[in-house]
Amino acid sequence: LYKEGVNDFAGSCVVHMTGGTAGLVGAVVLGPRIGRFQGDRFDVKVKQFHPNSFVFQGLGVFILWTGWFAFNVGSTLTIEGNEELAELIVINTTLAPAASALVCLIGPSLVNMIKGKLEI
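Residues numbered from 1 in each chain as written. Predicted model: local features only at pLDDT ≥ 70, side-chain atom pairs only at ≥ 80, totals over all residues. Heavy atoms only, no water.

**Focus on the side chain of threonine 93**
Here is step 1: Mapping threonine 93 onto the fold places it in helix H3 (residues 83-115).
Here is step 2: Of the residues examined, threonine 93 reaches a relative accessible area of 6% and is grouped as buried. (Helix = DSSP H or I, 4+ residues; strand = E, 2+ residues; numbered from the N terminus. Buried < 20%, exposed > 50% of the residue type's maximum accessible area, 1.4 Å probe, protein only.)

**What about the pairing of strand E1 (residues 37-40)?**
Here is step 1: With 4 bridges connecting them, E1 and strand E2 (residues 43-46) associate as antiparallel partners. Paired with glutamine 38 across the two strands is lysine 45, which belongs to E2.
Here is step 2: Between the end of E1 and the start of E2, which pair antiparallel, lie 2 residues. (Pairing = 2+ DSSP bridges.)

**What to know about the packing of helix H2 (residues 54-74) against H3**
Here is step 1: In contact at an axis separation of 9 Å, H2 and H3 are set at 155 degrees when each is read in the N-to-C sense. By the angle between their axes, H2 is roughly antiparallel relative to H3. Read as a crossing pair, H2 and H3 show a hand that is right-handed. Each of Trp65, Trp68, Phe69, Asn72 and Val73 in H2 lies in contact with H3, whose residues at this interface are Ala86, Ile89, Val90, Thr93, Thr94 and Pro97.
Here is step 2: Broken down by class, the residue content of the contact of H2 with H3 amounts to 8 nonpolar, 3 polar and no charged. (Axes fitted to C-alpha atoms, helices over the stretch in contact; angles between N-to-C directions. Parallel < 35°, antiparallel > 145°, perpendicular 65-115°, else oblique. Left-handed = near helix turned anticlockwise from the far one by under 90°. Contact = heavy atoms within 4.5 Å. Nonpolar A, V, L, I, M, F, W, Y, C, P; charged D, E, K, R; others polar.)

**Points about helix H1 (residues 12-30)**
Here is step 1: With 19 residues, H1 ought to run about 27 Å at 1.5 Å a step, and its terminal C-alpha atoms sit 26 Å apart, in line with that.
Here is step 2: Where H1 terminates, the next one or two residues include glycine 31, which has phi positive at roughly 80 degrees. (Expected span 1.5 Å × (residues − 1).)

**Observations concerning a negative patch on the surface**
Here is step 1: Residues Glu80, Glu83, Glu84 and Glu87 make up a contiguous surface patch of negative charge.
Here is step 2: Checked against the element boundaries, glutamate 80 lands in the loop between H2 and H3.
Here is step 3: The exposure class assigned to glutamate 80 is exposed, which follows from its relative accessible area of 70%. (Patch = residues over 30% accessible without salt bridge, like charges linked within 9 Å, V, L, I, M, F, W, Y side chains within 5 Å. Areas by Shrake-Rupley, 256 points an atom, 1.4 Å probe, with all protein chains shown as cover. Salt bridge = Lys/Arg side-chain N within 4 Å of Asp/Glu carboxyl O. Lys, Arg positive; Asp, Glu negative; His and termini not counted. Charge placed at Lys NZ, Arg CZ, Asp CG, Glu CD.)

Rendered as structure tokens:
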């Protein structure tokens, strides 16, 4: 793939594949949360949990985002001579989470609008 122009910074493909596989195995081994789901496998009732602190969720996002900037740009190993690449990495590191946030904010409203249940 490298000959085609694909550049896998810091082995992200291997890291994410390993993490995803470990998460799947952990979920299968541990099973569902005790007390969260009741009923038969095909007739499940879900007990709703209260959401966690929105302040801590936001703080966690910004801490991760700062780490992504350091890690992603640091993966170029040196900025000297790679200024254009570092600029592109910073732009992608900014635009990807921003686009994700927009989809999470606007997406549910669009789905409800399509279903005819618009809530503002």
